[in-house]
Amino acid sequence: ERCSKYVPDALQGAILNIFRLPLNAVVVAGTYATDVYSHSNVYFGVSACLFLAAVLQGSLVFSASSSASASTTINKQKKE
């Protein structure tokens, strides 16, 4: 439901598949890295990548909500 607010329903499947590619790259890199590095180092690296992704997603959500509330305030001021 919330995804359709940002992504049109007709394009949702294709766009979400594109964003799935970086996650698959992290999985493949982590699997390969276990042959080269210790398991704890690989776990730390993959965890760091996923944490960075969560921070970036949070910043996008925060900026979208703050810009939406700012535009609502501007629209209310114009009506008055």
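The rules behind each value
- Residues numbered from 1 in each chain as written.
- Predicted model: local features only at pLDDT ≥ 70, side-chain atom pairs only at ≥ 80, totals over all residues.
- Heavy atoms only, no water.
- Helix = DSSP H or I, 4+ residues; strand = E, 2+ residues; numbered from the N terminus.
- Buried < 20%, exposed > 50% of the residue type's maximum accessible area, 1.4 Å probe, protein only.
- Areas by Shrake-Rupley, 256 points an atom, 1.4 Å probe, with all protein chains shown as cover.
- pLDDT = per-residue confidence, 0-100.

1. Considering the overall build of the protein chain
Turning to step 1, where the next piece is worked out: Along the protein chain, the regular secondary structure elements total three helices and zero strands.
Turning to step 2, where the next piece is worked out: When the helices and strands of the protein chain are listed from N to C terminus, the series reads α-α-α.
Turning to step 3, where the next piece is worked out: Buried residues in the protein chain amount to 5% of all 80 residues.
Turning to step 4, where the next piece is worked out: Counting every atom, the protein chain has about 6900 Å² of accessible surface; 67% of that belongs to carbon and sulfur.

2. Description of the confidence of the model for the protein chain
Turning to step 1, where the next piece is worked out: For the protein chain, the average pLDDT comes to 81, and 78% of its residues sit at 70 or higher.
Turning to step 2, where the next piece is worked out: Averaged pLDDT values for the elements of the protein chain fall to 68 in helix 1 (residues 3-6) and rise to 87 in helix 2 (residues 12-36).

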